[in-house]
Structures are given as C-alpha cells and as structure tokens.
Protein chains: 4
Amino acid sequence: MSATKPHPGWRSKIHTIIYGTHTPAGKLFDIVLLITILYSIVIVMLESVKSYDNKYHSFFDISEWVVTILFTIEYILRIICVQQPKKYIFSFYGIVDLLSTIPKYLSFFILDTQFLAVFRALRLLRVFRILKLIRFVGEANNLTRALKQSRSKIFIFIFFVLIISVILGTIMYLIEGPENGFKSIPQSIYWCIVTLTTVGFGDITPQTPLGQMLATLIMIIGYGIIAVPTGIISAEYASTRGDTKPNNQEACKNCGVDIINSDAAYCRKCGTKLDNE
Amino acid sequence: MSATKPHPGWRSKIHTIIYGTHTPAGKLFDIVLLITILYSIVIVMLESVKSYDNKYHSFFDISEWVVTILFTIEYILRIICVQQPKKYIFSFYGIVDLLSTIPKYLSFFILDTQFLAVFRALRLLRVFRILKLIRFVGEANNLTRALKQSRSKIFIFIFFVLIISVILGTIMYLIEGPENGFKSIPQSIYWCIVTLTTVGFGDITPQTPLGQMLATLIMIIGYGIIAVPTGIISAEYASTRGDTKPNNQEACKNCGVDIINSDAAYCRKCGTKLDNE
Amino acid sequence: MSATKPHPGWRSKIHTIIYGTHTPAGKLFDIVLLITILYSIVIVMLESVKSYDNKYHSFFDISEWVVTILFTIEYILRIICVQQPKKYIFSFYGIVDLLSTIPKYLSFFILDTQFLAVFRALRLLRVFRILKLIRFVGEANNLTRALKQSRSKIFIFIFFVLIISVILGTIMYLIEGPENGFKSIPQSIYWCIVTLTTVGFGDITPQTPLGQMLATLIMIIGYGIIAVPTGIISAEYASTRGDTKPNNQEACKNCGVDIINSDAAYCRKCGTKLDNE
Amino acid sequence: MSATKPHPGWRSKIHTIIYGTHTPAGKLFDIVLLITILYSIVIVMLESVKSYDNKYHSFFDISEWVVTILFTIEYILRIICVQQPKKYIFSFYGIVDLLSTIPKYLSFFILDTQFLAVFRALRLLRVFRILKLIRFVGEANNLTRALKQSRSKIFIFIFFVLIISVILGTIMYLIEGPENGFKSIPQSIYWCIVTLTTVGFGDITPQTPLGQMLATLIMIIGYGIIAVPTGIISAEYASTRGDTKPNNQEACKNCGVDIINSDAAYCRKCGTKLDNE
C-alpha cells in the first residue's frame, strides 16, 4: 500500500496532523495517541494478574483488539503520508510501530500469549515519540549526549566491576562453599554483584567469619566505586550543559525524521528542502 | 470570626509575637509552638503502639485534646492579626494549620481514628514555619531552587527509570514466572524498581540462571544510572550556590507571607507597605 | 600528680618522645602505641565471641591488664610533660585517654563487663592521635572542613529525610497495617528510612498492591535525593581543595594542641611562643 | 630456556606478532588469545556447577589441558622474544601469565582442584593486556590516575567508615545482644558495615526499638557519607580529564613495557632506543 501515491493535498494534511504539533488537530491526535498507548500498557499489566484476568478476560480481549486496530490504522496512515515510506518502515520508530500492532494478530497462530506480552510492552517506547515533541526534549538530549560521550568510560567501569566480581566471587565460593548457599561459581559471582552494587537481597549470605570479612571488603569496594560512574557522568554532563537550543519540534515530510536545528533549510537525513511553514 | 476587626494596636502586638522573631515574646512563642508540635507528633506515634496505647490511652486522649485546643487558639489568633485573613486561610500554611486542628474534632463523627492519624502527622509540616525563621533557611532555599531548576531533568530521569522497569519487569515475569515468586507483571515491575534502586528487599529473588543474569544486568544499570540525578543536582546546585542573601526573617503584616529581600519596601504578594521596624 | 613540676630538662625529653615525630625514639613510641591500641581492640572483639572467650578467658584477662597498665603510665607521662596539664586533661584527647584506662579498673566494682566494652572500643579514637601526625592529615583536614562547611545543609537534608519518612511511614502504616508487619507508626517510619536510604533489609515488606506502589515511590524518592548530599559535599569539597599546606606535624609544648601552620610563631590556643626546633 | 638467544630476525618477527597490533598476524594473535582466555574462564565457571560437571567432566578436563598447553607455549614465546627476559618474568603480567599455566600441572600433585580454581580465575587479568591495546586505554588511564591521586583520601574515608562501624557495632551488640542475632562484636561490626554501605542483607535485623533507632542513625550516616568518596573522585577525575593523548599502542622490544608517549625515542623503563617502525 505504500506504493499508492495519493494526492499531495490531503496527504500533506494528514502529515500535519500526525507529525505536527502546532495545529489543534495535531495536538488532539498526540493526546489521543498518548492515552491509547498508556491504556494498552495498563491492559497488558492487568491481564497478567490472575484474579483480574479471570474476572475481566473478555473485556481485556476486546480492549486489546480495539487498540490493535487503532494502531494498525495509524501505522498505515504514517506510511501513506511520508514521502519515502521505506525510510520510515526501517527506522527505529517504524519497527516499534509495527511491533506494537502485530502481537494480537499473531495470537491466531501462537497460543503462548505470555510470550507476546513483551512485544506489547514495547508499545511504551512509542510514548517517547510524543514526549520528544514537548519541552523536556532539550533535557533528554543533554542526558543522552552525556551518556554517549561517557560510553567508553562506562564500558571500562562495568568491565572492571565484572572482573572484580568474577575474582571475588570465585574466592567466596572457595571460602563459603555449597553448604552455605554458594552452590557454584556463577552463583557466587551473582551474589558478588548483588553485594557490590549495594542491592543486597539477603537470599544468600556469608556464614563463616572469613566469608563475612571478605563480604565486608566487597561492600566497601562497592560503596567506594559507586563514585566512579557518578564522577564520570557529572563531569560529562557539566561539559554538555548549556549547549542545547530549543527544538524545532517539526518532522521532515519526506522521511519523518525530527528537524533538530530550527534554522535548517534541508532535512539532515534525506536532504529534502524544508518549507519552514 | 475573621470578620471582627479589632483595634490595630493590640492586633499589631499579636502579629509581632506570632510572626516576629526579634522580641523576647516572639522567640518564646516560637519555642513553645515548636515543642507543642513535636510533642503532638510523638503522641500520634506512641498511640499507634498497641502496648503503650493499652496502658496510657486516657493520657494520650487528654494530651491530644490539649494540643488541639492550643492549635485552635493559635489558628484563630493568626486569622485575627493578619490584615487579609482570606489570603492566609487559603495559603499553604493556612490549610496546614487548619488540618492540624480538625482531626480531634472529627473524632466525634468518624470512629476510624487510624485514618485521622495521617492528618495529625501533617502537623510536622508546621515545623517548617518555625524553622524557616532561623538561619538554615538560606541553605534550604538554595536546595529548593536547585531542585526546582532540575525538575524537568528529574522528571525525564524518573520516566526513564519507569520505562526500563516496565520492560525489564515484563521480561523477568516471562523468565521466572509465578512459580518463582514473580506472580504478575505489576509485581515484577515492583521487583525491578526494588532492584534498580539498589534497595533489594530480597522477598522476591530470581531462581533461574537466566533470571539471575538479567537481575545482574538490572543491578549494574541501577548502579550506573544513580550517577545521573547526582550529576544533574550537583551541576544545578553548583550554579545556584552563593547567590543567596540572609533572610529578613520578617513576615508581611497584611498577608503573612515571608519578606525575602531585606531591603523590600512593599510586600511582593499583596503590595502592603512594609514599615521595616 | 599533675601538681608536681619536674625539671624542664627531662620533661622536655619526654615531651619530644611522646608528641614529636622527628626523633627515632618518638617514631618508636608512636609505632608501639599504635600496635598496643590495635591489639587491645582485637582483644575486646575476640572476648565477645563466646567460643573464644571460653577457651582463652585468662589470656584475654591478662592482656587487658597489661594494656590498661601501659595506657595508665602513658596517661600520667602525658600529664607530666605538658606545661598546662588541666588543658590537656579536659581536651578531647585527654578524656579519650582517660576513658581508655578506666574500664578495667571499674571491673572491680561493676560486674556487667559487656557494658565496659563500649568504653574499651573508644580506644580506637586514640588511633587518630597517631595518624594525624602522618601525611594523611592534610586530606583529613580537607574532608573535615568540607563536612563542617556543609553542616547546616546536611542538617536540613536529614531533617527533610526524617519528615518524608514520618509522613510516608504513617501512610504506609494505614495502608498495610499490623497484619502485614507494619505493627506501629514508629516501626513504619523505621521501615520507611530503611527503604528511603536504599538499605532494604527485607524483614518488613509491603504486601498490598497499594503499599507496593507507595513503596516504589519511596524508593525512587530515595534513589533521587541521594544526589543531594553528594552535590552538597562535592561542591564544598571542590571549593576547599587545594587550600591546604603540609602540616608542621608538631604539637605545642604547653597545651599539647597541634601546630597547623608551619610558620606559626605562637600556639593558636594558649599563645605560648613556639621554638620551631 | 630464557638463556637461549635465538636469531634476532625471527625473534623480532615473533615480538611483532605477540606485542604488536599493526600487522594482520598481530591482530589475529590478539583475537585468538582473547577468545582462549574467555573460553578458559567459562570452563572454570561451568566446572563448578555440579550438574554440568557430572555430565561433561571429561570435556572440561580436555579443554583445560588444551588451554594450559596453549598458554604454556605463549609464555615460552614471550620469554624468548623479549631482550631482557628476567624483567618480563618478574613483571606483573609475567607473573599472571605464569599463574595462568601452572594450575593444571599442579593438579598432578594437589588433589583439591577447587583451590586451583582461584588461580585459574586470575587468567581474567590477562584480558587487560589485550584490552590495553585498544582505544579504551586512554579512559582507563584517566580513571586509574584519578584513583591513584585520591588514594590517600579514600584510605582516610575507609578508615573513618571502619572506626564508625567498630564503635556503632559494639553499641548495637550491647543493645540487641545475642538473643536478637547480634552474636558477637565482630558480627555486629559486620552488620554495621552491611547497613552503613546500604547493602542491607536482612539476615540480621534489629528487633528492639532502641536498636532500630540506632540502625536508623547508621543508615542516615551511611546515606550521607556515600557522598564523600563521590565528591573526592569527581573532583580528582575532573582535574585529570582532558590531559591524555592517544596511546602509541606499542611495547618496548627489550623489556615489554608499553610505550605511552608516541613521540618517545627511548623506553622509559629500560632506556632501549625505540625504532618507531
């Protein structure tokens, strides 16, 4: 259906409603979409609670069908109104949009509905599309950029945490042994990460004095090195702060990508000229 | 009673005692009020301990009545001595003051005294009124301003934490399932937040190797992203620091609002001329 | 005995050995004292382990007597060799030194030896005396100064944490109630602090969906506000850093106070002229 | 065998393959080594899981022999191709390389194979050798330098945490006593560190109101002072950031040490002239 090229006039109108945020119709569309997404996620959650599912099973089933059909219509409209549908379909949001619609259709073929719940939870990612149009985006961009810039540092840090956990976890396994709950090296490593990150479930705890001394060491290491990612991100965040401008909040008509720079004359992805309406 | 307009002379004196902090009477009033508030909160707490309540029930009841009557008198005096009582009554502190007095009166009509305990705990908010008159206010203002400025960033951050929790919680539910304590998706999400925030109660713990691997991932994510709010608030706090002046520590006679700028000639809320005594 | 004024010559020698760190005898004294303190603390700990105490009771008893007598001699020597013994006796370290010696003497009169263990643990504070003479002091001073400067901010922060805990703890008590482990308001507040500080023992956990939702809120608040003290101390620490000079590592002969500034000509406490040997 | 001095020509070639990263053979060597190391660690872990060990014992045994022989060959080649083998043998990586090979040989003499698992886990340290050749090294150097510079501060901090734990742990032991799970002072100190670092296993929890109040104090202290190492490392990290250059990624032919400065003409360790091929 993406092959049909409808009249630019009404296609442009749909584009304004779906991607734009300035017109009343565009705003209404965003709000309705946001509510539908949140509603569908609440349904997925409540369905998993046995007592609710027994009572309201048919209501949940109908709700799910209504949401699925609405999302299917929206998906088709999005394909129609952008000028390069292929770019949209294989973009991140295009795939998320598709995955949001198919789980219910798949339920005809796959009986394990629990497995489909994950795909349905992916709908939550769609909330970002709407939220990115509002004023918080500048902040989110700042955070994302700080995270991206400190990526390699965080990789080193996690690698360091894992190596400490493997070595100390192995030693804990030798000290405590299976009789005190440390059944294998992988489980001891799991316990070591639980302790190092200061989560401390308490399902496995050292019983021997030597094990408790080593556990103490692990905790103090964990308590101390929590400062490392904080220092990294603080420093990166401080350096990226204040460099952002408010977003244009518009999308390219051709490929649907966001226009970040408000004075851009051409789309940075596909090069289409922007009319800056 | 707020309609009666008493003579400005003694009304002004009461105002000085209740809102002022320079005169000995004003200081004494603040100290007595602080002790009464803390005393009434301790009573609320001890009443909830069964063994104490059985022994000292009548003592707690009398204490509560004494405190309630004292707060009622204070509330009436506050209404009388400000020039625009309506502004005070519908202000934040006006409502808190009212809610501090009514629970005991309501106990004539409502038998569920436990429900009233929350309203009585609200009295703790009144402590702020007195504390804001002392030297810590400058610091508190700094903190509040830093928190306000990073509001949208913290909103994004919490939203991000919730989305991670919903998606990973759903996956954990599918991996572990009801037989390992993950009874429903909402409960799995609850567990995921418990783990991500490094609280780690340990009432629900993953039992399967795959579940433990994902739990490890969640912990490391949580351990890593704790740096994000720290970085945000550190940066904001650093930029707001040092901009504050010591407070005037006086309140407007007309509407009871604090005078922040010591060189202010008119109240910033109601415009009443300040005499700067 | 502090009244006896011995000849300045040998008194000065003892002063150099006890307070000085430059001479070989002074270094030896410090090392012996450090070992004695650590040894006495290990004895206190091991005595509390039932199985060890049954086996080695007499050994622990003799060790304790030897340590007590050594500390008594040292305490007397310190009083003799400073010029103003009263200032030393009533200083922080003077009181700690005294408390380190008396527990064993008190054991003649008080039979509850467990109670005395706390006083004996105070000996650990004596380690600071020796450590403050070494190179880490500059860092410790930096930290102490940063903590002192952010004292009022940390007070506000803890106060804020306590108020949140009282209000949310009371609400949790009403939601969960005694049947789910929240037996009284004080205990609910205790649980709330356990959760807010991300400790999460797991001895009490919410069982109702509403309680779990509120618990989630408490955790996210706790996870978020952990950034506040970090931001405060980071900012203060950054501003105090780099202002410190290496310590003179000497003590005033008259009152025993440390000489912080290496170019000081007079003791900042008692005004005695320093000879800067 | 390190005594044999082979012809510089082929020795130089082996050096380029083992230590170099520019040639295809050098890259292949690094990748094969990395896979072998990770494979051997996975084998160590899986061997400890009883159910896997019963099934695949002979496979694990053969794998371990293959890995051991490969590591032995590599170790011998490294000794041969560096010009000063003694410096390599007694360097950190030389010892790690040796410890990676001997556990399996020792299994002829020592029957406690669990004890050998720790030595085999040390192989993980070898991963650093390869990783240090890739682009993350600059970041890791930054982190290591920041950690080294804040070493004495972190020492003071850990010392401070330990002293608080010893004193508060002793008090908790006296308040709660053996009947509430605080069996001895060392165990109470262990509990205190578990609480102070916000790990909170929950295997031991205070039962008396007084104990819970003190526990609350410990938690708030722990929650507050977590900011101290963060502040320290943030400040140090911020000051070391941006001073690093990309690494030369080559090693000295004589002693095997890394060449950090790309414009270095002589090895900073042994002074050998570098040819900068």
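Treat the numbers as computed from the prediction; the structure is a model and nothing was measured. (Residues numbered from 1 in each chain as written. Chains lettered and ligands numbered in written order. Predicted model: local features only at pLDDT ≥ 70, side-chain atom pairs only at ≥ 80, totals over all residues. Heavy atoms only, no water.)

Draft legend 1. Broad picture of the overall build of chain A. Each helix and strand in chain A was counted, giving 12 helices and two strands. Counting helices and strands in the order they occur from the N terminus, chain A gives α-α-α-α-α-α-α-α-α-α-α-α-β-β. Counting the 277 residues in chain A, one finds 51% classified as buried. Across chain A, every contact between residues at least 6 apart in sequence was considered, and the portion connecting residues at least 24 apart equals 60%. (Helix = DSSP H or I, 4+ residues; strand = E, 2+ residues; numbered from the N terminus. Buried < 20%, exposed > 50% of the residue type's maximum accessible area, 1.4 Å probe, protein only. Contact = heavy atoms within 4.5 Å.)

Draft legend 2. Structural view of the UniProt feature "transmembrane region" (unreviewed entry) in chain A. Residue and element names in this part refer to chain A. Using the residue numbers shown here, the UniProt feature "transmembrane region" (unreviewed entry) corresponds to residues 28-46, 66-85, 154-175 and 213-235. Segment residues 28-46 splits into 100% helix and 0% strand. End C-alpha atoms: 27 Å apart. Within the segment residues 154-175, helix and strand shares are 100% and 0% respectively, and the terminal C-alpha atoms sit 31 Å apart. (UniProt positions renumbered as here; feature names shortened; annotations may be inferred.)

Draft legend 3. View of the pattern of salt bridges. On inspection of all chains with the given rule, the structure shows 12 salt bridges over all chains. Asp61(A) is the partner of Lys104(A) in a salt bridge, and the nearest nitrogen-oxygen pair spans 2.8 Å. Separated by 43 residues along the polypeptide, Lys104(A) in helix H5 (residues 92-106) and Asp61(A) in helix H3 (residues 50-81) bring together distant segments of the chain. Classification of Lys104(A) by relative accessible area gives buried; the value is 13%. On the accessibility criterion, Asp61(A) (32% relative accessible area) is partly exposed. Here Glu74(B) and Arg78(B) are joined by a salt bridge, their closest N and O atoms 2.7 Å apart. Of the two residues, Glu74(B) and Arg78(B) both sit in helix H3 (residues 50-81), four residues apart, roughly one turn of that helix. This pair shows no difference in class: Glu74(B) is buried, exactly as Arg78(B) is. Within this structure, Glu74(A), Arg78(A) and Asp97(A) form a network of salt bridges that share partners. (Salt bridge = Lys/Arg side-chain N within 4 Å of Asp/Glu carboxyl O.)

Draft legend 4. Quick peek at a nonpolar patch on the surface. Residue and element names in this part refer to chain A. The grouping of Tyr39, Tyr52, Tyr56 and Phe59 at the surface amounts to a nonpolar patch, some 410 Å² of accessible area in total. With three residues, the top contributor of residues to the nonpolar patch is H3. Its location among the elements puts Tyr52 in helix H3. With a relative accessible area of 37%, Tyr52 lands in the partly exposed category. (Patch = residues over 30% accessible without salt bridge, like charges linked within 9 Å, V, L, I, M, F, W, Y side chains within 5 Å. Areas by Shrake-Rupley, 256 points an atom, 1.4 Å probe, with all protein chains shown as cover.)

Draft legend 5. Up close: the confidence of the model for chain A. Residues and elements named next belong to chain A. Per-residue confidence for chain A averages 76 on the pLDDT scale, and 73% of its residues sit at or above 70. Predicted confidence is poor over residues 1-6, with pLDDT under 50, and the contacts of this stretch with residues over four places away or in other chains come to seven contacts. Taken together, the stretch residues 242-250 has pLDDT below 50 and engages in 23 contacts with residues farther than four places along the chain or on a different chain. On the interface metric, ipTM, the complex scores 0.74, and its pTM is 0.77. (pLDDT = per-residue confidence, 0-100.)

Draft legend 6. Structural detail: unusual backbone geometry. At Thr198(B), a residue that is not glycine, the phi angle is positive and equals roughly 60°. Structurally, the position occupied by Thr198(B) is in the loop between helix H10 (185-196) and helix H11 (209-225).

Draft legend 7. Layout of the nonpolar core. Trp191(A), Trp191(B), Trp191(C) and Trp191(D) are the most contacted members of the largest nonpolar core, which totals 206 residues. Once you skip the residues sitting within four places of it in the chain, Trp191(A) turns out to touch Met172(A), Phe182(A), Ile204(A), Thr205(A), Pro206(A), Ala215(A), Ile218(A) and Phe201(D). (Core = buried A, V, L, I, M, F, W, Y, C linked by side-chain atoms within 4.5 Å.)

Draft legend 8. Quick peek at the packing of aromatic side chains. Counting across every chain of the model gives 28 aromatic pairs over all chains. Ring centres of Phe201(B) and Trp191(C) lie 6.1 Å apart, and the angle between their planes is 25°; this geometry places the pair in the stacked category. One end of the pair, Phe201(B), is in the loop between H10 and H11; the other, Trp191(C), is in helix H10 (residues 185-196), on a second chain. For the pair Phe201(B) and Trp191(C), a shared accessibility class is recorded, and that class is buried. Ring centres of Phe92(C) and Tyr93(C) lie 5.4 Å apart, and the angle between their planes is 70°; on these two criteria the pair is classed as edge-to-face. Taking the relative accessible area as the measure of exposure, Tyr93(C) reaches 19% and is therefore buried. Feature note: the residues Tyr56(A), Phe59(A) and Phe60(A) constitute an aromatic cluster, connected by ring pairs. (Phe/Tyr/Trp six-rings, centres within 6.5 Å; stacked < 30°, edge-to-face > 60°.)

Draft legend 9. The side chain of Thr197(D), seen in detail. Relative to the elements of secondary structure, Thr197(D) occurs in the loop between helix H10 (185-196) and helix H11 (209-225). Reaching out from Thr197(D), the side chain makes a polar contact with the backbone oxygen of Ile193(D) at a distance of 2.7 Å. In contact with Thr197(D), other than residues within four places in its own chain, are Thr198(A), Met219(A), Ile220(A) and Tyr223(A). (Polar contact = N/O pair within 3.5 Å; in protein donor to acceptor, adjacent residues only side chain to side chain.)

Draft legend 10. Structural view of the domain arrangement of chain A. The domain architecture assigned to chain A consists of domain 1 (10-131) and domain 2 (148-242). Relative to domain 2 of chain A, the C-alpha centre of domain 1 of chain A lies at a distance of 39 Å. (Domains from an automatic or database assignment.)

Draft legend 11. Region of interest: the environment of Thr72(B). Residue and element names in this part refer to chain B. One can find Thr72 in helix H3. We classify Thr72 as buried; its relative accessible area is 19%. For the pair Thr72 and Ser100, spaced 28 residues apart in sequence, the C-alpha to C-alpha distance is 8.6 Å. Not counting chain neighbours up to four residues away, the residues in contact with Thr72 comprise Thr101 and Tyr105.

Draft legend 12. Inspection of the environment of Phe119(B) at higher detail. Residue and element names in this part refer to chain B. Here Phe119 lies in helix H6 (residues 113-121). Distance in space between the C-alpha atoms of Phe119 and Lys104 is 9.8 Å, their sequence separation being 15 residues. When neighbours within four sequence positions are excluded, Phe119 is seen to be in contact with Leu99 and Pro103.

Draft legend 13. Focus on H10(D). Residues and elements named next belong to chain D. In this model H10 runs 16 Å from its N-terminal to its C-terminal C-alpha over 12 residues, within 8% of the 16 Å that 1.5 Å per residue would give. Buried residues dominate H10, accounting for 11 of its 12 residues. Of all the positions in H10, only Ile185, Gln187, Ser188, Ile189, Tyr190, Trp191, Cys192, Ile193, Val194, Thr195 and Leu196 are classed as buried. Thr198 occupies a position one or two residues after H10 and carries a positive phi of about 60°. (Expected span 1.5 Å × (residues − 1).)

Draft legend 14. Expanded view of the packing of H10(B) against H11(B). Residue and element names in this part refer to chain B. With their axes 8 Å apart at the nearest point, H10 and H11 run at an angle of 50° to one another. The angle between H10 and H11 places the two elements in the oblique class. Together, Trp191, Cys192, Thr195 and Leu196 of H10 and Ala215, Ile218, Met219, Ile221, Gly222 and Ile225 of H11 make up the contact between the two elements. Taken together, the residues that form the contact of H10 with H11 break down as eight nonpolar, two polar and no charged. (Axes fitted to C-alpha atoms, helices over the stretch in contact; angles between N-to-C directions. Parallel < 35°, antiparallel > 145°, perpendicular 65-115°, else oblique. Nonpolar A, V, L, I, M, F, W, Y, C, P; charged D, E, K, R; others polar.)

Draft legend 15. Region of the structure containing the environment of Ile17(C). Residue and element names in this part refer to chain C. With respect to the helices and strands, the residue Ile17 is situated in helix H1 (residues 8-19). Sequence separation of Ile17 and Ile225 is 208 residues, and the distance between their C-alpha atoms is 49 Å. Those residues in contact with Ile17, other than ones at most four positions away along the chain, are Ala25, Gly26 and Phe29.

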